[in-house]
Every structure is written in structure tokens, then in C-alpha cells.
Amino acid sequence: MTGSLSIENLSKHYGATAALQRVSHAFAPGRVTAILGPSGSGKSTALGIIAGLLAPDVGRVFLDGADLTRVPPEKRGFGVVFQNYALFPHLTVVENVEFGLRVRGVGKAERRRRAGEMLDLARIPHLAERRVHQVSGGEQQRVAVARALAIRPRVLLMDEPLSALDARLRDDLRAELARLLRELALTTVYVTHDQAEAMSLGHALIVMNRGRIEQAGTAEEIYRAPASPFVAGFIGAANVFPDAEKLSDGAVRLPFATFPANGTSPPGPCWAMLRPEAFEVAREDEPADFAARVESAFFLGAHMRVQLRAGDRPLTAEFPAGAVLPSSGSLRLRVRPGALYIRANPEP
Ligand code: ADP
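Here's a quick rundown of the structure.

Criteria and cut-off values
Residues numbered from 1 in each chain as written. Predicted model: local features only at pLDDT ≥ 70, side-chain atom pairs only at ≥ 80, totals over all residues. Heavy atoms only, no water. Pairing = 2+ DSSP bridges. Helix = DSSP H or I, 4+ residues; strand = E, 2+ residues; numbered from the N terminus. Contact = heavy atoms within 4.5 Å. Phe/Tyr/Trp six-rings, centres within 6.5 Å; stacked < 30°, edge-to-face > 60°. Buried < 20%, exposed > 50% of the residue type's maximum accessible area, 1.4 Å probe, protein only. Lys NZ or Arg CZ within 6 Å of the ring centre and 35° of its normal. Axes fitted to C-alpha atoms, helices over the stretch in contact; angles between N-to-C directions. Parallel < 35°, antiparallel > 145°, perpendicular 65-115°, else oblique. Left-handed = near helix turned anticlockwise from the far one by under 90°. Nonpolar A, V, L, I, M, F, W, Y, C, P; charged D, E, K, R; others polar. Near = heavy atom within 4 Å. Polar contact = N/O pair within 3.5 Å; in protein donor to acceptor, adjacent residues only side chain to side chain. Areas by Shrake-Rupley, 256 points an atom, 1.4 Å probe, with all protein chains shown as cover.

1. Remarks on the pairing of strand β4 (residues 58-63)
Side-chain positions along a regular strand alternate between the two faces of the sheet.
Part 1 of the argument: Of the pairings in the sheet, the one linking strand β1 (residues 5-14) to β4 comprises 5 bridges and is antiparallel in character. Residue pairing for β4: E8 is matched across the bridge by R60.
Part 2 of the argument: The pairing of β4 with strand β5 (residues 66-67) spans 2 bridges and is antiparallel. Bridge pairing links L63 to A66 in β5.
Part 3 of the argument: Linking β4 back to β5 in an antiparallel pair, the connection comprises 2 residues, with D64 at a positive phi of about 45°.

Below you can see the structure in the form of C-alpha cells.
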């Protein structure tokens, strides 16, 4: 399959700042990979190097086996969509979409035909003759996507394409972009700091932190088995215990109780995670694993989110909305079988 993009051992420094440190990854061909991470984690630097807008200190970029590291951006044949759209304000919508084709010397009739197809795909054919400043932010983003796709790119690169839009519009466009990207089956790298965006658009996820890939996998794999306390807290809500200990009988000691656990770690210090849905209220006739004080409870529709304190540790728990909970005082709790996840401490 074509569109096999990979990066090998990329590093990039700005003065003393290590923006990327020995990053390697093979992107799934024909699929969307979301690069997710907090601000400053190196996402845009990685994308800029893939696009050819930045040169790495070391490392290489490959497409279908060819080394592109020194190929200038316009010769890579990649479609690029950035946060600020970078449209030409003095041109009409259709002229913007045609732009890349014109640069490549495609004749006028063919340009118009292909631009028309792209405007249909982006569902904005009625805006073709408007000037860019006469269309809304969401529509401008559709123009930017249509323009990137018009050249029939070998790879599509997107950097926070929805982040300038308001929340409602972002949700609508996100769903539509997901449909479009699924239909296109184009190797796509999608940078975002928004967890929901990454999980709904990306077939595969890369979680970055401090210039490194902390974990790559599907959203479900990463949610179930995070590689580090950072990833556990970044993908979904998590109660993380950096100071857990695996005992020689296989049980795991948390600061407030000892439980059987899932996951592999040799006896000794480890870190542990309990997702908010890991807890259930013990019936009166059942033994409990531990007791916790209720500090606050919020009704969130399908479930209740409850802030607890067990010993000196705060805990976040979620219960089905029908659960009968005291609004204050103490709860007797059980941890669902298999819900405690542990892992050996990451290398410092
Ligand atoms: P992200 O896209 O995840 O927010 P970036 O790739 O933009 O992260 O930045 C990674 C690190 O490199 C940050 O510490 C950032 O401040 C630094 N950085 C990025 N671009 C420059 C630059 N042009 N000059 C100096 N430092 C930079």
C-alpha cells in the first residue's frame, strides 16, 4: 500500500530546548494517526519536520521507502491544513482551492473540474465565487481542507485545524471531518491537544510529552493500559498512585488499602491506576475493600461523579446515575475485579 510514512530517530533543539528527542514512528498507511500531547510537547515540531518546513538536527523522514528529509515541502506532494488556515484573502474560494493545481501547471478546465469536486466533498459548492473574507470561520476551514485535498496529496497533515472555532462548530466539523477522512483512506497525521478530537478522529494515537513519544496505540489500548502515569492522567480521568507496592503474594498495596491487581510488575515499588469507574458501593451484607469520605457529588446525566477521600488521598469515582449515595459521610467501597492496573515504574 502506498502512503507508508515513517519517521526515524528525529531530534530537534532550539538552543537549550529539546523540542524533539529521538522520535521514531511508522504511521499506519491509509489511516488517521492523531498526535496528542500538552502544549510544548513537540507535536508541531514533529509535523513541521514531516511537512519539510523544519529541518531536524538528526533523523529522517521516509515515504514508501524514499528518504524525503532533504526534499523541499512543495516537492513532497503533501496536503497541509494549519490552524490559521493560511488562505489567500484576495482570492475567491474556488481560486484558493485551485491554487495548488495552478502552481503545478494543471490547465484551467481540469483545475475547475477538480476544484468543483473538492468543494462538493467539503460541502461548500455554493460558496465557490465568494471571497474568503466573506465566509465564516468554519467555512474557511472547509476551504482549507478542500485546497489541501485538491492536489491529491500522498499524505495529509493537519495541525489543530479546528482549534480556532467555537465549541459547537468544532463538534459539527469534527464529525464531518471524521466521515471525510474515513472515506478518503489517506495517510493522515492530525495534531491536537484535545483528547476528544484525537480519540474520535484518530484510528491510532501517539501521546507525546516533553519531546518524546510516551505511548502509541489505539485509544482503547492506551486507555486500558497506559505506559506511564502521565499517559494515565492525560487520556481519560485517572486516580494515579505513584507510590504503590507489589507484594510478594501478588497483591498491591495502595496508600489506603491492599488489593489484588492486574498488569505486570515484579514485586517492589510500582505505580498504580484506578479509573473513576473502578469503584462500586458495597451492599450492607458484603465485605468492603475500603471506606472513603464523600466530599462532593455531581449529577452528570448518565452518571454521578463523586469526589472522595480515602485516608489522606483524594479519589474521583463515577457511579451509575441510579446509584443510591449518601450526599455526605462515608461510603463502603469495593474495587471491581480486574480494575486495579499496575505497572513497573518508568525509567527516570
Ligand atoms: P506543541 O506543538 O506540542 O505545542 P512545539 O513543537 O510547538 O510543541 O514546541 C516544542 C518545544 O519547542 C517547546 O518548548 C517550544 O517552546 C519550543 N519551540 C518551538 N518552536 C520554537 C522556536 N521557533 N524557537 C524556540 N523554541 C521553540
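2. Digging into the side chain of E176
Part 1 of the argument: Along the chain, E176 turns up in helix α5 (residues 167-184).
Part 2 of the argument: Apart from the residues within four sequence positions on either side, E176 is in contact with A122, R123 and R142.

3. Section: the packing of aromatic side chains
Part 1 of the argument: With the rule as written, the count across this model stands at 8 aromatic pairs.
Part 2 of the argument: When the centroid spacing of 6.1 Å and the interplanar angle of 70° are considered together, the rings of F279 and F290 count as edge-to-face. Pair noted here: F279 is in strand β15 (residues 279-281) and F290 is in strand β16 (residues 290-299), with a separation of 11 residues, a long-range link. Of the two residues, F279 and F290, both sit in the buried class.
Part 3 of the argument: Sitting over the ring of Y223, R275 keeps its end group 3.9 Å from the ring centre.

4. Brief notes about the packing of helix α3 (residues 108-121) against helix α4 (residues 137-150)
Part 1 of the argument: Axis separation between α3 and α4 bottoms out at 9 Å; the angle between their running directions is 135°. Regarding the angle of α3 to α4, the classification is oblique. As for how α3 packs across α4, the hand of that crossing is right-handed. The residues of α4 that touch α3, namely those facing R114, M118 and L121, are A146, L149 and A150.
Part 2 of the argument: Tallied by class, the residues present in the contact of α3 with α4 amount to 5 nonpolar, no polar and 1 charged.

5. Quick word on the sheet that holds β16
Note on sheets: strands pair through backbone hydrogen bonds, and any given pair is parallel or antiparallel.
Part 1 of the argument: Spatially, the 5 strands line up as an open sheet ordered β15-β19-β16-β17-β18, and their pairing is antiparallel. The open sheet has two free edges, formed respectively by β15 and β18 (313-320), since each of these has just one partner strand. In this sheet, neighbouring strand axes are inclined to one another by 50° on average, regardless of whether the strands run parallel or antiparallel.
Part 2 of the argument: Bridging between β16 and strand β19 (residues 330-335) involves 4 bridges; their strand directions are antiparallel. Directly across from A292, in β19, lies its bridge partner L331.

6. Examining the site of the ligand
Part 1 of the argument: Neighbouring the ligand are the residues Y14, T17, A19, P38, S39, G40, S41, G42, K43, S44 and T45.
Part 2 of the argument: K43 is positioned such that a nitrogen or oxygen atom in its side chain is 2.8 Å from an oxygen atom of the ligand.
Part 3 of the argument: T45 places a side-chain nitrogen or oxygen 2.5 Å from an oxygen atom of the ligand.
Part 4 of the argument: Expressed as a share of its isolated accessible area of 560 Å², the protein-covered part of the ligand is 57%.
Part 5 of the argument: Elements that contribute at least two residues to the shell around the ligand include exactly β2 (17-26) and α1 (43-51).
Part 6 of the argument: Considering each element in turn, the shell around the ligand owes the most residues, 3 residues, to α1.
Part 7 of the argument: Taken together, the residues of the shell around the ligand sort by class into 3 nonpolar, 7 polar and 1 charged.

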